[in-house]
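The lines below spell out each chain.
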Amino acid sequence: MSVKAFKLVPAVEREMLMGDKARINIECIECCGKNLYIGTNDGSIYHFLLEEKNSPDEKTSFIVTKQLHKYLSVRKAVGELKAASALNRLLVLCDSTIMLVNMMNLEPIPTGARIKGAVTFTLNENPVSGDPFCVEVCIVSVKRRTIQLFLVYEDRVQIVKEVFTQEQPCAVAVDGHYLCLALTTQYIILNYNTGASQDLFPYSSEERRPIVKRIGRQEFLLAGPGGLGMFATVDGISQRAPVHWSETVIGAALCFPYVVALDEEFITVHSMLDQQQKQTLAFKDGHILQDFEGKVIVATTKGVYILVPLPLERQIQDLLASHRVEEALVLARGARRNIPKEKFQVMYKRILQQAGFIQFAQLQFLEAKELFRSGQLDVRELISLYPFLLPASSSFIRSHPPLHEYADLNQLTQGDQEKMAKCKQFLMSYLNEVRNTDVANGYKEDVDTALLKLYAEANHESLLDLLASENFCILMDSATWLEKHKKFFALGLLYHSNGQDAAALQLWVKIVNGDIQDSTRTDLYEYIVDFLTSCSDHELVWKYAEWLLQRSEEIGIYVFTRRPQEEGQDNSFNPDDVMSCLNKYPKSLVKYLEFLVLERRIQKEKYHTHLAVLYLEKVLGLKSLEAERNEELFETQAKLQNLLRESDLYRTRFILDKISGSDLHMECAILYGKLEEHDKALHILVHVLKDFAAAEDYCVWNSKNRDIPYRQKLFHMLLTAYLNSSSAEHELVMAAVDLLNSHAADFDAALVLRLLPDSWSVQLLSSFLTGATRESIHAQRMSQIALGLAKAENLIYKHEKVKLKGNATVLSDRKLCQVCQTPFGEPAFVRYPNGSVVHTHCAADRRVTPNTNHHFSSPGGRT
């Protein structure tokens with residue numbers, strides 16, 4: 001693909017060089033700074049000054065001034081010219097001799113120093129001598145298969161090395177100790193310091209002219225077979241792909257990132273970055289192409305021309321204008337080495353942003369996203385393409401010059417609704433990704449507001465997630481948009497996120513009441529309950545409590561019963577105030593009292609009694625309806641019994657009076673139990689209800705957390721109730737047997753045996769007797785163990801006492817108490833195991849050693 005990388009500008013035309021002398025031809029050129037030297041076939045050297053001139057319309061031209069024309073002493077063709085500016089010398093190859101002349105006046109040096117027997121030569125641009133006052137010259141000698149290296153000083157030359165090759169060398173380039181040679185049949189790399197050589201690839205110098213050119217540190221460009229420009233390092237490897245040029249190429253030059261090649265008819269420009277041919281310029285009769293410090297000069301036999309590179313930035317912009325994004329990016333990255341770091345970073349970011357918009361316009365969204373991120377695009381540049389998405393208060397102004405050519409999304413998509421929908425979907429995804437990153441820093445309001453508008457317009461489920469989380473949506477702009485798209489629930493969330501809970505609730509209540517339509521949430525009533533439950537504005541809770549209870553007593557009560565625990569006993573929701581509010585709502589009142597009594601476990605008699613009365617009234621009311629609502633009756637009666645059984649705070653006599661006269665026998669039994677009237681309770685359970693399992697349970701729960709004698713007393717009372725019945729019913733006998741066999745450990749066996757009728761067989765009571773015997777033996781053995789442990793502990797104490805008596809303690813009027821540091825006034829003292837002696841009144845804790853506060857837990861630690 002073509003790109004205009006260079007333009008060809010005439011520098012020295014025929015008339016200026018040779019006038020009407022038709023036989024004079026250009027043989028070689030050299031450029032050093034503004035100095036241009038031309039060698040001709042008649043033994044002449046021309047010296048010109050080049051001044052570059054740039055016009056406002058970006059047309060480049062050169063003002064060429066002829067400085068000097070000098071004939072050499074030998075009227076033969078000048079083969080090579082090389083400038084050594086540090087020495088102010090020009091090296092001239094003519095008639096196999098390299099002469100040194102002054103760069104300014106072209107006069108030979110007085111000493112006449114020269115190098116003889118040279119076919120061609122080159123300078124070492126990576127010298128190894130380290131001497132700044134000389135240059136290193138490498139020549140192909142007229143001697144067969146010989147390379148010579150010289151040091152050239154201002155007025156003398158010195159041979160350094162002579163190297164022999166396996167074939168006759170045709171061309172040479174040098175870098176440090178390395179020579180890159182074109183031999184008769186192949187290219188090689190030769191280290192003249194060590195003698196090591198590396199074959200590169202075959203090449204026939206008879207078929208075409210070899211090219212060997214140093215292009216960088218330890219890297220060369222060679223004309224390879226098949227029309228390839230091959231790159232090779234001094235290690236004999238290629239780190240770049242070859243460029244494809246003409247098989248008849250006669251010259252090559254480097255102007256990064258391009259390789260320029262010359263053949264008989266054209267100048268071709270190839271990129272080193274992607275190896276593509278970028279430009280072709282028609283140029284006939286060319287025979288010299290060289291680069292000098294960034295200048296690329298091409299010459300025919302009659303004239304000299306300069307290839308002026310267009311600024312890389314302009315080349316990149318031309319590529320972007322042609323939508324050749326990848327080429328533009330490759331060229332931009334390659335330009336890094338030629339542009340100052342800070343300038344490059346600014347330029348490269350802008351190029352990435354431009355490339356991103358090109359990919360975006362082609363709906364290549366993944367590529368566009370990566371380019372936007374890499375280029376650190378101000379995301380508002382993208383948002384501004386979408387009409388009305390930026391808030392009215394935004395101060396954003398598009399970049400100038402613009403990053404793209406589109407006014408808005410309508411122009412970009414040309415009204416195609418499908419493309420527009422895809423673009424909006426991409427922006428939604430992109431904004432959601434970047435809204436919490438550094439990309440959105442400084443303009444989060446613009447980003448979140450735009451995202452909200454996109455979500456609302458697309459009826460996207462993420463709208464609620466956006467508003468439910470921390471966001472920076474601008475209230476007025478967003479509210480108008482949500483109203484326009486009838487997103488009233490979302491509007492309420494927006495009000496809430498901006499601290500306007502009253503406005504949010506007012507809106508949501510209208511939706512529930514049907515005043516406005518929004519089907520976003522079918523459970524909006526429950527949502528309002530949850531919202532008010534966690535609402536810190538208690539006035540709002542009281543304001544809407546009546547409305548909630550009117551719609552549902554069971555759910556509305558949650559605003560009082562499910563409040564956050566951290567609110568604690570907040571005076572705003574004093575239980576008495578809440579109950580006053582709930583008096584009109586009996587179901588809610590019961591649930592609230594259950595919350596106070598069973599969950600909060602508030603220890604107040606009035607709440608426990610009130611709840612018990614409400615349960616009782618409901619049970620009696622349901623019983624009056626007979627069997628119509630058995631399930632609810634069973635559930636409520638179970639709650640009543642559980643409350644009566646577990647609570648000790650209600651007014652027992654008051655509840656018992658309310659129950660009297662009804663058939664709530666189980667409840668009566670529980671209440672008698674609370675009054676310690678166990679005989680009445682057991683009578684009801686055994687003789688009225690005949691519920692023997694309930695009677696056993698009664699004994700169990702009534703003796704919970706009580707001592708063993710109390711538990712035994714209850715079970716004996718139950719056994720007595722079974723045995724002392726006026727009618728010796730068989731079922732009571734069996735109940736007594738079962739009771740004994742299942743609760744053997746809860747009876748005093750001796751007392752039971754005295755109570756039992758003589759007619760009962762041992763077999764009938766075998767389980768009870770076995771259990772009682774085991775319990776008795778276990779108790780006996782446990783007593784023996786306890787006695788043995790006590791004796792052992794006593795023995796240990798005695799042993800410690802003997803040990804302590806064996807150590808004498810000397811007490812005098814000079815000995816000081818270790819606690820108060822005063823002398824002892826009486827013989828009474830306390831001695832600690834570590835030998836410390838203190839007053840009896842100072843030994844506040846006889847188990848803590850003074851000064852160290854060490855606690856002795858073992859018997860040996862006792863005083």
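All residue numbers refer to position in the chain's written sequence, counted from 1. Where local features are concerned, this predicted model is filtered to residues with pLDDT of at least 70; where side-chain atom pairs are given and counted, the filter is 80 or more; whole-chain, interface and lining totals use all residues. Excluding hydrogens and water, the side-chain values take into account all heavy atoms of the structure.

Peer 1: Looking at this structure, I do not really get the layout of surface pockets. What am I missing?
Peer 2: Where empty space is left becomes clear once a probe the size of a water molecule has been rolled over the atoms. Throughout, the protein atoms alone are placed on a 1 Å grid, and a set of points is a cavity if a 1.4 Å probe fits but cannot get out or a pocket if it is open with protein on both sides within 12 Å along at least five of seven lines; lining residues have an atom within 4 Å of a point. Grid points are joined across faces, edges and corners, and a volume is the space filled by probe spheres set on the points. As a volume, the second largest pocket reaches approximately 450 Å³. Lining the second largest pocket are 16 residues; nearest its centre among them are P586, K587, V590, K618 and E632. When its residues are assigned to classes, the lining of the second largest pocket shows 5 nonpolar, 1 polar and 10 charged. Under the scheme applied, nonpolar residues are Ala, Val, Leu, Ile, Met, Phe, Trp, Tyr, Cys and Pro; charged residues are Asp, Glu, Lys and Arg; polar residues are all the others, including Gly.

Peer 1: Help me out: how do you make sense of the sheet that holds strand 2 (residues 26–32) in this one?
Peer 2: Whenever strands of a sheet pair, they do so through backbone hydrogen bonds, lying parallel or antiparallel. As summarised here, the arrangement of the 4 strands in space is 2-3-4-5, forming an open sheet in which the pairing is antiparallel. Each edge of the open sheet is held by one strand with a lone partner, namely strand 2 and strand 5 (60–71). Between one strand axis and the next, the sheet turns through 25° on average, direction left out of account. A pair of strands counts as paired when DSSP detects no fewer than two bridges linking them. By definition, any uninterrupted DSSP run of H or I lasting at least four residues is a helix, any uninterrupted run of E lasting at least two residues is a strand, and each is numbered from the N terminus. One ladder, built from 11 bridges, connects strand 4 (residues 44–54) with strand 5; its direction is antiparallel. Every axis in this analysis is a line fitted to C-alpha atoms, fitted for helices over the stretch in contact. Angles between the N-to-C directions lie between 0 and 180 degrees.

Peer 1: What's the story with a nonpolar patch on the surface in this structure? I'm lost.
Peer 2: On the surface, M782, I785 and L789 cluster together into a nonpolar patch covering about 310 Å² of accessible area. If you trace the backbone, I785 turns up in helix 29 (residues 766–806). Each patch groups residues whose relative accessible area exceeds 30% and which form no salt bridge, using 9 Å between like charges and 5 Å between nonpolar side chains of Val, Leu, Ile, Met, Phe, Trp and Tyr. The Shrake-Rupley method, run with a 1.4 Å probe, gives the accessible areas here. Residue values count only the displayed protein chains as cover. Whenever Lys or Arg places a side-chain nitrogen within 4 Å of a carboxyl oxygen from Asp or Glu, that contact is recorded as a salt bridge.

Peer 1: In this structure, what is going on with the pattern of salt bridges? I would like to understand it.
Peer 2: Side chains that differ in charge, positive against negative, can pair when their charged atoms come close. Enumeration according to the criterion identifies 35 salt bridges in this entry. For K143, the salt bridge identified is with E162, shortest N-O distance 3.3 Å. Of this pair, K143 sits in the loop between strand 11 (135–141) and strand 12 (146–152) while E162 sits in strand 13 (residues 157–164), and the two are 19 residues apart along the sequence. The rule is simple: take the accessible area with a 1.4 Å probe, protein chains only, and divide by the maximum for that residue type; under 20% is buried, over 50% is exposed, in between is partly exposed. Given a relative accessible area of 44%, K143 falls into the partly exposed group. Between D274 and K278 there is a salt bridge, with its nearest N and O atoms 2.9 Å apart. Assessed through its relative accessible area of 5%, K278 is described here as buried. Each of D274, K278, R324 and E327 takes part in a single network of salt bridges with overlapping partners.

Peer 1: So what exactly am I meant to see when it comes to the pairing of strand 16 (residues 186–191) here?
Peer 2: It is a general feature of regular strands that their side chains alternate between the two faces of the sheet. In terms of residue burial, strand 16 counts as a mostly covered element, since 6 of its 6 residues are buried. Of the two faces of strand 16, the one lined by Q186, I188 and L190 and the one lined by Y187, I189 and N191 are each fully buried. Note: strand 15 (residues 178–182) against strand 16, 5 bridges, orientation antiparallel. The residue of strand 16 that forms the bridge with A182 is Y187. Here strand 15 folds back onto strand 16 in antiparallel fashion, the turn holding 3 residues.

Peer 1: Would you mind going over the nonpolar core with me for this structure?
Peer 2: Proteins that are soluble and globular tend to have nonpolar side chains buried together. Nonpolar cores are built from buried Ala, Val, Leu, Ile, Met, Phe, Trp, Tyr and Cys residues. Side-chain atoms within 4.5 Å join them into one set. F360, L382, W508, I528, L532 and Y722 are the most contacted members of the largest nonpolar core, which has 145 residues in total. Looking at this core, the element that brings in the most residues is helix 20 (residues 605–624), giving 9 residues. Contacts between residues were defined by any pair of non-hydrogen atoms, one from each residue, lying within 4.5 Å. Setting aside anything within four residues of it in sequence, one finds F360 in contact with F365, A368, F372, L382, L385, Y386, L409, L412, C423 and F426.

Peer 1: Please clarify how the confidence of the model for the chain should be interpreted in this entry.
Peer 2: Keep in mind that low pLDDT regions are not for reading the predicted coordinates in detail. Predictor confidence is given residue by residue as pLDDT, running from a minimum of 0 to a maximum of 100. Averaged over all residues, the pLDDT of the chain equals 88, while 95% of them reach at least 70. Ignoring residues within four places in sequence, the model shows residues 856–863, a span with pLDDT below 50, making 19 contacts including any to other chains.

Peer 1: Sorry, what's going on with the side chain of E30 here?
Peer 2: If you trace the backbone, E30 turns up in strand 2. We score Asp and Glu as negative and Lys and Arg as positive, and we do not count His or the chain ends. For the buried residue E30, which engages in no salt bridge, the nearest side chain bearing the opposite charge is K82, 5.3 Å off. Residues adjacent in sequence count toward polar contacts only when both atoms are side-chain atoms; beyond that, a polar contact is any pair of N or O atoms within 3.5 Å, and within protein one must be able to donate a hydrogen and the other to accept it. Within the local environment of E30, its side chain forms a polar contact with the backbone nitrogen of A83, the two atoms lying 2.6 Å apart. Those residues within four positions of E30 in sequence are excluded, and the remaining contacts are N35, L36, Y37, L81, K82, A83, L90 and F292.

Peer 1: Could you clarify how one ought to interpret the packing of helix 19 (residues 586–599) against helix 20 in this entry?
Peer 2: Between helix 19 and helix 20, the least distance of the axes is 10 Å, while the angle of their chain directions is 140°. Compared by their axis directions, helix 19 and helix 20 come out oblique. Judged by the twist between their axes, the crossing of helix 19 over helix 20 is left-handed. Listed contacts from helix 20 to L589, V590, L593, E594, L596 and V597 of helix 19 are Y607, H608, H610, L611, L614 and Y615. Tallied by class, residues from the contact of helix 19 with helix 20 come to 9 nonpolar, 2 polar and 1 charged. Working definition: roughly parallel below 35 degrees, roughly antiparallel above 145 degrees, roughly perpendicular at 65 to 115 degrees, and oblique for all remaining angles. The sense of a crossing depends on the near helix, which, turned anticlockwise from the far helix by less than a right angle, makes the crossing left-handed and, turned clockwise, makes it right-handed.

Peer 1: Quick question: what am I supposed to make of the side chain of S44 here?
Peer 2: Its place among the elements puts S44 in strand 4. Residue S44 is classed as buried on the basis of its relative accessible area, which comes to 0%. Looking at S44, its side chain comes within polar contact range of the side chain of D42, at 3.0 Å. With near-sequence residues (within four places) excluded, S44 lies in contact with I38, G39, H69, K70, Y71 and V78.

Peer 1: Can you help me understand the environment of I139 in this one?
Peer 2: Relative to the assigned elements, I139 resides in strand 11. A relative accessible area of 0% places I139 in the buried class. Spatially, the C-alpha atom of I139 lies 27 Å from that of F48, the residues being 91 residues apart in sequence.

Peer 1: Would you explain helix 5 (residues 365–374) in this entry?
Peer 2: Residues separated by three or four positions in an α-helix point in the same direction, a consequence of the helix having 3.6 residues per turn. Those residues of helix 5 lying buried are F365, A368, K369, L371 and F372. On an axial view of helix 5, the arc spanned by its buried residues comes to 165°, and they lie on one face. Buried residues belonging to helix 5 abut helix 3 (325–334), helix 4 (341–361), helix 6 (379–383) and helix 8 (417–434). Immediately beyond the C-terminal end of helix 5, within one or two residues, lies Q376, with a positive phi of roughly 50°. Read the arc as the range of directions from the helix axis to the C-beta atoms.

Peer 1: Just to check I follow, could you spell out the packing of aromatic side chains for this structure?
Peer 2: Two aromatic rings are characterised by how far apart their centres lie and by the angle between their planes. Only the six-membered ring of Trp is used, alongside the rings of Phe and Tyr, when aromatic pairs are assigned; centres must lie within 6.5 Å, and planes under 30 degrees apart are stacked while those over 60 apart are edge-to-face, with the rest tilted. Applying the stated criterion to the full structure yields 25 aromatic pairs. Pairing F560 with Y592 gives two aromatic rings, centres 6.4 Å apart and planes at 75°, and the pair type is edge-to-face. Note that F560 is positioned in helix 17 (residues 558–561) and Y592 in helix 19, a separation of 32 residues in sequence. Neither residue differs from the other here; F560 and Y592 are each classed as buried. Taken together through their ring pairs, the aromatic side chains of F357, F360, F365, F372, F426 and Y430 make up a single cluster.

Peer 1: In this structure, what is going on with empty space enclosed by the protein? I would like to understand it.
Peer 2: For the coordinates displayed, the defined rule picks out 1 cavity of 30 Å³ or more. Of the volumes computed, that of the largest cavity is approximately 60 Å³. Together, V3, Y258, S271, L273, D274, K278, L319, E327, V330 and L331 line the largest cavity. Counting residues per element, the lining of the largest cavity draws most heavily on helix 3, at 3 residues. Here the residues of the lining of the largest cavity are counted per class, giving 6 nonpolar, 1 polar and 3 charged.

Peer 1: How should the state of the cysteines be read in this particular structure?
Peer 2: Here a disulfide denotes one covalent bond, and it connects the sulfur atoms of two cysteines. Two cysteine sulfurs form what is called a disulfide whenever their separation falls within 2.5 Å. Across all of its chains, the model carries 0 disulfides by this definition. Cysteine C28 is unpaired, with the sulfur of C94 as its nearest cysteine sulfur at 9.2 Å. C28 sits in the buried class, given a relative accessible area of 5%. The thiol sulfur of C170 is not disulfide-bonded, and the nearest other cysteine sulfur, from C180, lies at 12 Å. The class for C170 is partly exposed, based on a relative accessible area of 33%.

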